[in-house]
Every structure is written in structure tokens, then in C-alpha cells.
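The residues making up each chain are set out below.
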Amino acid sequence: MMIESFGAVLLPLAMLAGALAILLYSADRLVGASEEVGVALGVPPFLIGVTILAVGTSLPELVTGIFAVFEGSGEIVVGTTIGSNIANILLILGFTAVYAKEISIDWDLLHGDLPVLFGSLMLMGFVIYPVSEADLDLFRGFDAQGADATMGARAHISVLEGVVLIGGYLLYIYYYMNFENPVLDNSGGAAADSRRIGVKPLLWIVAGLIGVPIGANFTVNAAVQLAELFAVSKEVVAASMISIGTSLPELVVSYNAAKRKNYAMALGNVTGSNIFNTFVVLGVPAILAPSVGKKVPLPVGDESILFLQMPNNVATVLVFLVIILDKKLTRTEGLIFLAAYVVFIAKLYSLI
């Protein structure tokens, strides 16, 4: 890779860092203010948890994906989703396990989020991998030109598949609302906070609603510029730089949970975020793509999605499931996760 000047790279890198900072800060303030308003209005804590807080940590990925299809760069969506899911397990859980020395795992998680996590992974594979006879050319000996032609012909996620993904998330929420027994008061809801809703949280909601799309828009633009400068695909930038940046909320939540020795929250934050990413961060852009931007179905992206990123995603989840069968995640296993993430990033950029 030849780059004429360091300044040509520094500017889009600085823009990406600044855009992610705006995106993350705006999302954080929006979620915090929305939670405060929800409590004041008497919304049950459980519903706040499965809506505002669950969506909040994945809001950067979702809004970035939406803006990507509006900007005609839908390839970023799948790369961001897969990259974030891998980062959540290998990077965030790895870091948390190293910090905590050992994470104890509640057995209930093995009967709740983890089966859904595995099921969402299988559904993701179904919607992104080729299924027709023509698509199978992707798996045969083809040259680069043929690969591009085939990828352009079919490798996309349809509106119907997007609807199925959203339906999967709604079923997930339905299960928790009906079988996890959220605690409500006698009236079926939480008692309203006696305090009136202040002006400050309302202003933060407005500011967040403005800042999140601005940050997402600049994030997408910076990613496209970096992909061109580094002579790599937008999918690679999405699966590395963007996914790491948008996973910072999960890192903060897991770190704070580990400090309080609330390991169930640290683990549940990661699994819940991955489930949301797969169902919603993929599903919403897939539904919108034919109507906005280039007005074409949401593209999967180049062959690195099918032959590098998705296989690594599957391997990561399977290893994660095997490791936690003994109901704990040790510091050694955390170090293995971190090392595996370094290898994944190196493979993305063809460094090894």
C-alpha cells in the first residue's frame, strides 16, 4: 500500500475519531436522559432495561448502519455488525476477564441469552450466504473479476429477510416479558416518580437526537475515505475501526459491572448487544435499503465477509459457548480472547 502523504491519512482518521466521539457521547446522553424520563413517567424498570438500556449500547451501530444505506454505502452494515459481535466477545469480554481475573457465570444465562445468541448467529448465516445455483459460484474456483460480478448479482439481504430478523428480536423481547417474570407493582406498572420531569433531560434528548445522526454521518464518510486511502474494502474498515469505536459503550458497561463484581450484567450486556446487533442492526437497514440511497437491496459486501469475517464470528461464538460450559471465564481465557482478536484484525488487513 502506497500513501503519498501522512497528512492524507491523518485527516480522515481524526474525522473518524471525532465522529465516533460525537456519536458515542450523544448516544450516552440520549440513553441517560431517556431513562430518567422513563422513571419519572413510571415506566417499569424491566421495560426500561429491555428497551432503552438494551438498545442504548448498540445505538451507535444501528444509526451508523442506517446512515450507511442513506449514503449508498450499505456494505458497511454487515461488516460493522459482524465486527462488533466479534469485538464484544473477544475484545470486551477478554478485557473484562483479564481485569476481573475470573468471571462467574449464572447458569440461567445458559438457558436464556446463549441459545438465542446461537440461534441469531445461524439466522445471520442464512441471510448473508448465497443460496441459489448462481450464488454457488462464490464457492468455486473464480477469479477476482468473476467474484465481483457474482457478488453484485445476489449477495444482498432482502426486505423479507430484514423483516424476519426484526421478528426474531420481537420474539426475544416477548419471551423475556412473559417468561422472565419482570417485577411490577400491583397496578401492572411502576409507580411514577414524584418528581416532575425537568427541562435538562428533555434538552439532552433533543441534543442526543441531533448529535447521534451527525456523528453517524461523519463516521460513514470517514470510513469510506479511509477505505480508499488504505486500498481496502469498506467492509474491512467497518469490521475493525468502526466496530471497535461503536463497541466502546459495551466496554464501559462491562468494565463498570466488573468493578462492582456484577458479572452477570457484564456478560449479559455482551450477549444482549450481540443479539440486538444481529436482529436489528442488520434488519432495519435491510428494510430501508431499497427505498433510500442507491435504492438497491442491502449488499452483503465483498468475499471477506463470507470467507473471513463470518467464519471468525461463528468460531468466536462456538469457542465462547464451549469455554463457559464450566460457568466461568478465567483470566487465561480472557488473554486467549484478546490474542485471537489481534489475529483477526491482522488477518483483516492481510498482515499475516
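Refer to the preceding data block for the structure.
Here the structure is a predicted model, which means the values were calculated and not measured.

## Remarks on the side chain of S304
- You can see S304 is positioned in helix α13 (residues 303-323).
- The contacts of S304, once residues within four sequence positions are left out, are S233, E235, V236 and Q309.

## Quick look at the side chain of T330
- Along the chain, T330 falls in strand β4 (residues 328-330).
- The exposure class assigned to T330 is buried, which follows from its relative accessible area of 19%.
- The contact partners of T330, leaving out residues within four places of it in the chain, are A97, K101 and E102.

## Remarks on the nonpolar core
- I76, I82, I128, I157, Y169, F320 and F337 are the most contacted members of the largest nonpolar core, which totals 84 residues.
- Beyond its immediate stretch of four places on either side in the chain, F320 contacts I89, L93, L114, L117, L267, T271 and F337.

## Digging into a nonpolar patch on the surface
- On the surface, I22, V206, I210, I214 and F218 cluster together to form a nonpolar patch covering roughly 430 Å² of accessible area.
- With respect to the helices and strands, V206 occurs in helix α9 (residues 199-229).
- Note on V206: relative accessible area 46%, which makes it partly exposed.

## Remarks on the environment of V280
- Residue position: V280 is located in helix α12 (residues 263-288).
- Sequence separation between V280 and I166 is 114 residues; the distance between their C-alpha atoms is 5.7 Å.
- With sequence-adjacent residues up to four places away left out, V280 is seen in contact with L62, I166, Y169 and P285.

## What about unusual backbone geometry?
- Residue K101 is not a glycine yet carries a positive backbone phi of 75°.
- Locating K101 in the fold gives a position in the loop between α4 (75-100) and β1 (102-104).
- Overall, the relative accessible area of 55% leaves K101 in the exposed class.
- Notably, K295 is not glycine yet its phi reads approximately 55°, a positive angle.
- The residue K295 is located in the loop between α12 and β3 (298-299) in this model.

## What to know about the packing of helix α11 (residues 248-259) against α12
- Contact geometry of α11 with α12 gives a least axis separation of 7 Å together with a crossing angle of 160°. As the angle between them shows, α11 and α12 are arranged roughly antiparallel. Considering the relative orientation of α11 and α12, their crossing is left-handed. Contacts between α11 and α12 pair E250, V253, S254, A257 and A258 from the former with Y263, M265, A266, N269, V270 and S273 from the latter.
- Partitioned by chemical class, the residues of the contact of α11 with α12 number seven nonpolar, three polar and one charged.

## Points about the packing of aromatic side chains
- Taken as a whole, this structure holds six aromatic pairs when the rule is applied.
- An angle of 45° between the planes, with centres 6.2 Å apart, marks the rings of F95 and Y255 as tilted. Of the two residues, F95 sits in helix α4 while Y255 sits in helix α11, which places them 160 residues apart along the sequence.
- When its relative accessible area of 34% is taken as the criterion, F95 is described as partly exposed.
- With relative accessibility at 31%, the residue Y255 sits in the partly exposed group.
- For the ring pair Y169 and Y172, a centre distance of 5.7 Å and an interplane angle of 45° mean the geometry is tilted. Of this pair, Y169 and Y172 both sit in helix α8 (residues 159-179), separated by three residues, roughly a single helical turn.

Definitions and limits used
Residues numbered from 1 in each chain as written. Predicted model: local features only at pLDDT ≥ 70, side-chain atom pairs only at ≥ 80, totals over all residues. Heavy atoms only, no water. Helix = DSSP H or I, 4+ residues; strand = E, 2+ residues; numbered from the N terminus. Contact = heavy atoms within 4.5 Å. Buried < 20%, exposed > 50% of the residue type's maximum accessible area, 1.4 Å probe, protein only. Core = buried A, V, L, I, M, F, W, Y, C linked by side-chain atoms within 4.5 Å. Patch = residues over 30% accessible without salt bridge, like charges linked within 9 Å, V, L, I, M, F, W, Y side chains within 5 Å. Areas by Shrake-Rupley, 256 points an atom, 1.4 Å probe, with all protein chains shown as cover. Salt bridge = Lys/Arg side-chain N within 4 Å of Asp/Glu carboxyl O. Axes fitted to C-alpha atoms, helices over the stretch in contact; angles between N-to-C directions. Parallel < 35°, antiparallel > 145°, perpendicular 65-115°, else oblique. Left-handed = near helix turned anticlockwise from the far one by under 90°. Nonpolar A, V, L, I, M, F, W, Y, C, P; charged D, E, K, R; others polar. Phe/Tyr/Trp six-rings, centres within 6.5 Å; stacked < 30°, edge-to-face > 60°.

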